[in-house]
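Notes for the structure review
Spelled out from the first residue to the last, the chains are:
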Amino acid sequence: MNSLLEVLSNNKITRDMYLMKLACSELPLNGQFCMIKVPNSFMTLYRPFSIFDADGEVLSLLYSPRGEGTRLMTKVRSGEKLEVTGFYGNSWEEIKDKTLLIAGGIGLAPLYKIARESASDFYIGFQKDAYNEEELANVRELLRGTQFHIVLGGYVSDSVDFSLYDRVYTCGPEPMYRTLNQKHDRVYASFERHMACAVGACRACSVISHGEGGAETKSVCQDGPIFELKSLGEWE
Amino acid sequence: MQTNRVLSQTIWGLDFKNPVIAASGTFGFGEAYKDFYDVEVLGGVSVKGLTLEPRLGNRGLRLSEVHAGIMNSIGLENPGVASFVEKESAYLADKDTVILANLGGSSLESYIEAAELLEVASKDMRVYDVLELNISCPNVKEGGMAFGMKACDAALITREMRKIITKPLVVKLTPNSPFLTEVARAVEAEGADGLSLVNTFAGFDLDVRTRRPKFNNGIAGLSGPAILPLALKMVRDVCKSVNIPVIGMGGITTYEDALKFIMVGAHLIQFGTASFIDPMAGKKIVDGLQDYFDREGIQSLEEIRGIVK
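None of the values given here were measured: they were computed from a predicted structure. (Residues numbered from 1 in each chain as written. Chains lettered and ligands numbered in written order. Predicted model: local features only at pLDDT ≥ 70, side-chain atom pairs only at ≥ 80, totals over all residues. Heavy atoms only, no water.)

**Remarks on the overall build of chain A**
What chain A contains, in helices and strands, is five helices and 16 strands. The C-alpha atoms of chain A give 17 Å as radius of gyration, which agrees with the globular expectation for 236 residues (18 Å, within 12%). With the C-alpha coordinates aligned to their principal axes, the bounding extent of chain A is approximately 50 × 45 × 30 Å. In chain A, which comprises 236 residues, the proportion classed as buried is 56%. Within chain A, contacts between residues at least 6 apart in sequence are counted, and of these 63% link residues at least 24 apart. Accessible area of chain A: about 10,400 Å², with a carbon and sulfur share of 43%. Between the centroid of the 25 positive side chains of chain A and the centroid of its 31 negative side chains there is a distance of 4 Å. (Helix = DSSP H or I, 4+ residues; strand = E, 2+ residues; numbered from the N terminus. Rg over C-alpha atoms; globule rule 2.2 N^0.38 Å. Buried < 20%, exposed > 50% of the residue type's maximum accessible area, 1.4 Å probe, protein only. Contact = heavy atoms within 4.5 Å. Areas by Shrake-Rupley, 256 points an atom, 1.4 Å probe, with all protein chains shown as cover. Lys, Arg positive; Asp, Glu negative; His and termini not counted. Charge placed at Lys NZ, Arg CZ, Asp CG, Glu CD.)

Right, here's the structure in full:
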């Protein structure tokens, strides 16, 4: 896909989380991502976004304004169009056994759809004072239809009995991945890196892994974004 | 692929269907943009910069956006020449487009050994058509643009490569040398068949919040529309200084940009960062040139090459 997609809505969920809905007839695989640019803006590059939800008519993105590009996206209104390419990358394997979904903050975005479809346990950690009651109510509303457990403060991984699960799917800050990697031996994590192209050309998004085959690079856009942590060994 | 002959030319005995080439490090090994357009649309592809040994590339942040451009510190991540010969070269080998093998290195010995591997490998199969000798990468600690800063060093490495490489040899120059035209003339004198310029401009950026450089190496290479006027001046200067064909580049994103480089004397052009701005950029530049030639009734590139003094 390489299209101009119309924005249907772009709503603030919390102080640092926005839900954008785009009219889109294409369906990504669960866990894939797309590249987005605001046309006729200062943006030189597209930005990568994971997919929150998609049904062949509406494509939903949950994003956090972290830099100039994402801050500009919060200003986009319904009816405007965005340049979108994709979908890129590998996907979550279909859930057949007992799987734990565990997210840190905005990392819940690429897990929501599979959480709803599989009815798996879905743990999401936020910082203790991240949100007020109204914002938390919005988050709960957003997560409706999933078996979600919101954990406020501390490490979300401390709230889980890992022995109950055959595998773990996660998205969040990388230090969390290192913790999960020690608690379970089948962890699949979605990675994030700065990238320009999403097609393996720019080599900006490489993860340097130190697995059994020695040091090697894997690109988040093509080999990922989802990696089984065991296959990476140590990574940087 | 249907081609209109007005954009075609024969250079170094090779048929370029048009003057538009994908720049090294922005197009993989020719396969990267296959979901967007057919690589045979292009006059040529310069593959990701190769080195003798595989390289993992740099640690830390590798790329960031600036106004009208990007900064990169990739650090020549590549699978190495041997792997390229065996695997990555296969995609382009049967494609109707000119293949430029971009070769970098750390020491003179590593350049020589890599060139010998390429030379031997291409005896009985098509691995590449033109060697683009990279003496201009600002993002590696050893070698890289060190050979491109002074005329004597550039001459030395060109002379050594010329002894090995029987295919056309193009030397890719750095805009970071204060002696650009001297370097260009020295490389020409040592038997290079052509020049390509510019590689990225060495820049610096930092994070005011963390009070640290953005990139682990400190400096990173600036590319994109921001550098076009700087690059155009340099290509103009070099075209006036040498008699071998020049491949002009630096911030080209449209066919008008491409025309500017041709009008100051370039035989061929490369686009790089443009693909990151618009994945269809290469095809749009080719189509735009075609339309322009039709519209203006121009019969060949020669008619407009170097017409702006």
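**Let's talk about a nonpolar patch on the surface**
Residues B:Phe204, B:Leu206, B:Val208 and B:Ile219 make up a contiguous nonpolar surface patch of roughly 380 Å² in combined accessible area. Of note, B:Val208 is situated in the loop between β12 (206-207) and β13 (212-213). (Patch = residues over 30% accessible without salt bridge, like charges linked within 9 Å, V, L, I, M, F, W, Y side chains within 5 Å. Salt bridge = Lys/Arg side-chain N within 4 Å of Asp/Glu carboxyl O.)

**Description of the environment of B:Leu156**
All names here are of chain B. Tracing the backbone through its elements, the reader meets leucine 156 in helix α4 (residues 151-164). Leucine 156 sits in the partly exposed class, given a relative accessible area of 30%. Spatially, the C-alpha atom of leucine 156 lies 8.2 Å from that of glutamate 190, the residues being 34 residues apart in sequence.

**Regarding the sheet that holds strand β4 (residues 47-50) of chain A**
Ordered in space as β4-β3-β7-β1-β2-β6-β5 (chain A), the seven strands form an open sheet in which the pairing is antiparallel. What marks the edges here is a single partner per strand, and that holds for β4 and β5 (53-54) of chain A. (Pairing = 2+ DSSP bridges.)

**Quick notes on helix α3 (residues 108-121) of chain B**
Taking 1.5 Å as the rise per residue, α3(B) with 14 residues should run 20 Å; its terminal C-alpha atoms sit 20 Å apart, in good agreement. The secondary structure elements touched by the buried residues of α3(B) are α1 (81-88), β7 (98-103), β8 (130-134) and α4 of chain B. (Expected span 1.5 Å × (residues − 1).)

**So, the interface of chain A and chain B**
Facing the 28 residues of chain A at the interface are 27 residues of chain B. Linking chain A with chain B are three salt bridges. Here B:Glu65 and A:Arg47 are joined by a salt bridge, their closest N and O atoms 2.7 Å apart. Linking chain A with chain B are 11 residue pairs in polar contact (both at pLDDT 80 or more), by the criterion used here. (Polar contact = N/O pair within 3.5 Å; in protein donor to acceptor, adjacent residues only side chain to side chain.)

**Quick word on the packing of helix α7 (residues 255-263) of chain B against helix α9 (residues 281-296) of chain B**
Residue and element names in this part refer to chain B. Close contact between α7 and α9 brings their axes to 8 Å; oriented N to C, the two are set at 70°. If you check the angle between α7 and α9, you find them roughly perpendicular. For the pair α7 and α9, the crossing hand works out as right-handed. Residues Tyr255, Ala258, Leu259 and Met263 of α7 form the contact with α9, whose participating residues are Ile285, Gly288, Leu289, Tyr292, Phe293 and Arg295. Broken down by class, the residue content of the contact of α7 with α9 amounts to eight nonpolar, one polar and one charged. (Axes fitted to C-alpha atoms, helices over the stretch in contact; angles between N-to-C directions. Parallel < 35°, antiparallel > 145°, perpendicular 65-115°, else oblique. Left-handed = near helix turned anticlockwise from the far one by under 90°. Nonpolar A, V, L, I, M, F, W, Y, C, P; charged D, E, K, R; others polar.)

**Topic: the pairing of strand β15 (residues 246-249) of chain B**
Side-chain positions along a regular strand alternate between the two faces of the sheet. All names here are of chain B. Residues of β15 alternate between two faces, with Val246 and Gly248 on one and Ile247 and Met249 on the opposite face, all of them buried. Two elements, strand β10 (residues 194-197) and β15, share three bridges in a ladder whose sense is parallel. The partner of leucine 195 across the bridge, within β15, is valine 246. Sheet analysis places β15 next to strand β16 (residues 268-271), joined by three bridges and oriented parallel. The partner of isoleucine 247 across the bridge, within β16, is leucine 268. Note on the crossover from β15 through α7 to β16: the handedness is right-handed. (Right-handed = clockwise from strand over helix to strand, strands pointing away.)

**Re the sheet that holds strand β11 (residues 201-204) of chain B**
Residues and elements named next belong to chain B. What the four strands build is an open sheet, ordered β5-β6-β14-β11; its pairing is antiparallel. Looking along the sheet, the strands with just one partner apiece sit at the ends: β5 (63-66) and β11. The average angle at which neighbouring strand axes cross in this sheet is 40°, direction not considered. Here four bridges tie β5 to strand β6 (residues 69-72), and the two strands are oriented antiparallel to one another. Note on β6: the bridge partner recorded for serine 64 is methionine 71.

**Some points on the packing of aromatic side chains**
Applying the stated criterion across every chain yields a total of 19 aromatic pairs over all chains. Both rings, one in A:Phe33 and one in A:Tyr88, keep their centres 5.6 Å apart while their planes meet at 40°; by these two values the pair is tilted. In this pair, A:Phe33 sits in strand β3 (residues 33-37) while A:Tyr88 sits in strand β7 (residues 81-88), placing the two residues 55 residues apart along the sequence. Taken individually, A:Phe33 and A:Tyr88 each receive the classification buried, so the pair is uniform in this respect. Members of the aromatic cluster, connected to one another through ring pairs, are B:Phe27, B:Tyr33, B:Phe36, B:Tyr37 and B:Phe271. Over the aromatic face of A:Trp235 sits the side chain of A:Arg178, whose NZ or CZ is 4.3 Å from the ring centroid. Directly above the aromatic system of B:Tyr128 lies the positively charged group of B:Lys167, at a separation of 5.7 Å from the ring centroid. (Phe/Tyr/Trp six-rings, centres within 6.5 Å; stacked < 30°, edge-to-face > 60°. Lys NZ or Arg CZ within 6 Å of the ring centre and 35° of its normal.)

**Some thoughts on the packing of α1(B) against α3(B)**
Residues and elements named next belong to chain B. Remark: α1 packs on α3, axes separated minimally by 9 Å, with the N-to-C direction vectors making an angle of 25°. The orientation of α1 relative to α3 falls into the category roughly parallel. In this structure, the crossing between α1 and α3 has a hand that is right-handed. On α3, the residues touching Val81, Phe84 and Val85 of α1 are Ala114, Leu117, Leu118 and Ala121. Tallied by class, residues from the contact of α1 with α3 come to seven nonpolar, no polar and no charged.

**Regarding the environment of B:Lys150**
One can find B:Lys150 in the loop between β8 and α4. Between the alpha carbons of B:Lys150 and B:Val183 there is a distance of 6.1 Å; along the sequence they are 33 residues apart.

**Digging into the side chain of A:Thr14**
Residue and element names in this part refer to chain A. Looking at the element boundaries, threonine 14 is found in strand β1 (residues 2-14). A polar side-chain atom of threonine 14 sits 3.0 Å from a polar atom in the side chain of aspartate 16. Reaching out from threonine 14, the side chain makes a polar contact with the backbone nitrogen of methionine 17 at a distance of 3.1 Å. In this structure, threonine 14 is in contact with Tyr131, Glu135 and Val139, ignoring residues within four places of it in sequence.

**Notes on the side chain of B:Thr51**
Residues and elements named next belong to chain B. One can find threonine 51 in the loop between β4 (44-46) and β5. Overall, the relative accessible area of 6% leaves threonine 51 in the buried class. Here asparagine 78 takes part through its side chain, which lies 2.8 Å from a polar atom of the side chain of threonine 51. Residues contacting threonine 51, with those up to four places away along its chain left out, are Leu76, Asn78, Gly80, Val81, Gly104 and Gly105.

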